[in-house]
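A look at the structure
Below are the chains, spelled out letter by letter.
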Amino acid sequence: MKLPIYLDYSATTPVDERVAEKMCQYLTVDQMFGNAASRSHKFGWDVDEGITLARKQVADLINADPKEIVWTSGATESNNLAIKGIAHFYQSKGKHIVTCKTEHKAVLDTCRQLEREGFEITYLAPEENGLLDLAKLEAALRDDTILISIMHVNNEIGVIQDIAAIGELARSKKIFFHVDAAQSAGKVPIDLQEMKVDLMSFSAHKIYGPKGMGALYVRRKPRVRLEAQMHGGGHERGMRSGTLATHQIVGMGEAFRIAKEEMATENDRIRMLRDKLWNGINDMEEIYLNGDLEHRVSGNLNVSFNFVEGESLIMALKDIAVSSGSACTSASLEPSYVLRAIGRNDELAHSSIRFTIGRYTTEEEIDHTIKIIREKVEKLRELSPLWEMYKDGIDLSKIQWAAH
Amino acid sequence: MAIFFDNNSTTPLNAYVLEAMMPFLSEFYANPSSIHTAGRKARDAIETAREQVADLIQSHPSQVVFTSGGTEANNLAIRGAVCGMELDSIAISPIEHPSVRDVVFSLQKQRSVQELAVNSNGQISTDSVAKFIENNSNFLMSVMLANNETGCIQPVSTIAEMVRSSAGFMHTDAVQAAGKIDVNFEKLGVHMMTLSSHKIYGPKGAGALIYDKAIDIAPLIFGGGQEKKLRSGTENVAAIVGFGKAAELAKEKLKENYAYLLGLRARLETQLKDIPDIVLFGDKSERLPNTTFFSLKGIDGETLLMQLDTQGIEVASGSACGSNNLKPSHVLAAMRIEETLAKGAIRVSFGLQNTSQEVDELIDFLKKFTNISTSH
């Protein structure tokens, strides 16, 4: 078994070998390296064929029309394009947007920027299990609401929102609905013929495709219009300019093709491993599962180990690559805003570890992980005065700490 | 095997670059924002690439912001500076790439936009710069370092000095120049510079904005706060690593490559002059070593291009990004080249993979083609 054990598949995934192979075909001199926008020569045409196929492969996974797929540099850009694109295009109809406190930073920070531009944003709080209460969502909608942006699967706690139901609500009120599906594509079935979603963001590197590549689904019927955020050359029907990174597009296409083919069997295996991990540690004292277990993506387990500091635990678990919170915010030592939003106190939010299991995780790795966690948590707790006090039966929440 | 003479549109990936990239697709795939060992490894690789890119244009690594490519860097520079510093007016040259032109014109509703003048040799007139500066303060000027169609090198350092002395801000799109001629960020005196990876034998999907930290740039893309909050989104590690390696190689072999490309072009242009009715564009100016832009009088560019294509020779009729439309090149229009002549324009841009034999094949074909075309 190779160490460290990688259990951070929600942060990013390795490129699948089959994907890497496809990408290489579009990289080297003896192969297809042309500029897809060069319509005038054969180098450009070969490349165009590869891109057309990739567009179909992405569309197939989500049951959409290839014409509804706009390539971007990643889910962050997709989220920015969707939210700012709608806000800027439809601002004469209203300037109110509804989203949720547990969205990814790419959605939240984009909304904050729109606030600076004079838009009004409602940030809904989820329930304790991480799921949105639809009645509360409905109550937040107003006559001037132009957009609802809710993620499909949360990146930290893995809970799955009821996108179909939110879509029905949004459509009945004639409000655009954007879904950040970076964490759900390839893990949860998505059918855009059925779901009333107007815009959906995708990432390639979360499902064994390359980094630096994403897509935005933009519905054609009923038509959704966007103000472009990047100008020049008019690629992607004017919605997103810039030379297309051919090898990356082809890689994303192949990753989505594989996901469609293997999702069902892969999910069963991953869920089995996840349950094994949870069953292997859930008898430990003072540990808390964050987020609903039932409405949850198969590979995610987010656990708070009370009386252990998350960062020290990550350091102690140096043979296991995991996150406390999401990768994008892990540079800061703030407790996870997602866990705070579902009502966890600072201590529990600080002591959380996100385990995310994926395509290459083995049973042996899970067994070893269980063993290391039990050992390290026990060791860290032995060093903790708070743990000692807790064991002595002192109620820590009632202690008045002296100020220094 | 086909001959690719369209290296200003994109270049094949260098084998060493590919080799440098591969481990970051398969083995070292972690997210550079993750704090575990694997994540820190990816972070280190990005920082090495930052040094390599900074080195190519003699800037400091802290001045480098990685983007998804040249188009995004141009958008970030222009929209970011204009919005970040609340500038009132923008001046650009009339020969800029669409990724500069389109973003500038998208700001036209709120800001005044003016175009500078270009002479028939493809050079931006410094007089038109002086005139603009007289009537504007609090502005951004964007002039490319070398034009993608003619290859003409622009007097950017002179213009930057004029701009700085009147407290304006200066951006240059150096996408075509970097790696082909010596580019020095500090000496040019610009506030911002755009670079692209895939024009220098690096992968598509990576670019950079080099910026003077004294200026305020508003981000275009919000989210995880990567790249010092100027460009959110998980970094494209493999592409950035490839960009770094490509920059390192370009810097290392700059003189050698320059001489090689110049040799190919000299071979082409000397022989081109034997063909009657040939007109070269911008050849009176200092140019990039690899670019030739010409027309054969009375011959339509698209026809010639398709004919060349059947011979397996790939050239361009203007910039690739504009190839969807058959309008004559905006660069030639700005140089006041007559429209029928402009419509015949063919761009040959050499790359390091091209050979003298390939040049001769092109010449042979052109000679045959002009004989046939003029004989009936």
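Predicted model, so just to flag it, every value in this text is computed and none were measured. (Residues numbered from 1 in each chain as written. Chains lettered and ligands numbered in written order. Predicted model: local features only at pLDDT ≥ 70, side-chain atom pairs only at ≥ 80, totals over all residues.)

1. Section: the sheet that holds strand β12 (residues 346-349) of chain B
Residues and elements named next belong to chain B. Here three strands make up an open sheet; going across it, the order is β9-β10-β12 and the pairing antiparallel. The two strands at the open ends of the sheet, each matched to only one other strand, are β9 (278-280) and β12. The sheet shows a mean angle of 30 degrees between the axes of neighbouring strands, taken without regard to direction. Where strand β10 (residues 291-296) and β12 come together, four bridges link them in antiparallel fashion. Residue pairing for β12: F293 is matched across the bridge by R347. Packing of helix α9 (residues 254-272) onto the sheet brings it into contact with β9, β10 and β12, and relative to β10 it is tilted by some 20 degrees. (Pairing = 2+ DSSP bridges. Helix = DSSP H or I, 4+ residues; strand = E, 2+ residues; numbered from the N terminus. Axes fitted to C-alpha atoms, helices over the stretch in contact; angles between N-to-C directions. Contact = placed C-beta atoms within 7 Å.)

2. With respect to the sheet that holds strand β8 (residues 214-218) of chain A
All names here are of chain A. Judged by pairing direction, the sheet is mixed, and its seven strands sit side by side in the order β2-β8-β7-β6-β5-β3-β4 without closing on themselves. In this open sheet, the two strands that pair with only one neighbour each are β2 (69-72) and β4 (120-124). Direction aside, neighbouring strands of the sheet carry axes that sit 20 degrees apart on average. Relative to strand β3 (residues 96-100), helix α4 (residues 105-116) is tilted by about 155 degrees, and along the sheet it contacts β3, β4, β5 (145-149) and β6 (176-180). Its contacts with the sheet place helix α6 (residues 163-172) against β5 and β6, and it is angled at close to 160 degrees to β6.

3. Observations regarding the packing of helix α5 (residues 126-135) of chain B against helix α6 (residues 156-165) of chain B
All names here are of chain B. Where α5 contacts α6, the two axes come as close as 10 Å, and the packing angle between them is 15 degrees. In terms of orientation, α5 lies roughly parallel with respect to α6. The two elements α5 and α6 meet at a crossing, and its hand is right-handed. Contacts between α5 and α6 pair T126, V129, A130 and I133 from the former with T158, I159 and M162 from the latter. (Parallel < 35°, antiparallel > 145°, perpendicular 65-115°, else oblique. Left-handed = near helix turned anticlockwise from the far one by under 90°.)

4. Digging into helix α1 (residues 17-24) of chain A
Residues and elements named next belong to chain A. Taken together, the buried positions of α1 are V19, A20, K22 and M23. For α1, the buried positions fall inside an angular range of 160 degrees around the axis, keeping them on one side. Residues of α1 that are exposed and angled more than 90 degrees away from the buried face: E17 and E21. In this structure, the buried residues of α1 make contact with α7 (246-281). (Buried ≥ 20, exposed ≤ 12 C-beta atoms within 10 Å, placed from the backbone. Arc of directions from axis to C-beta.)

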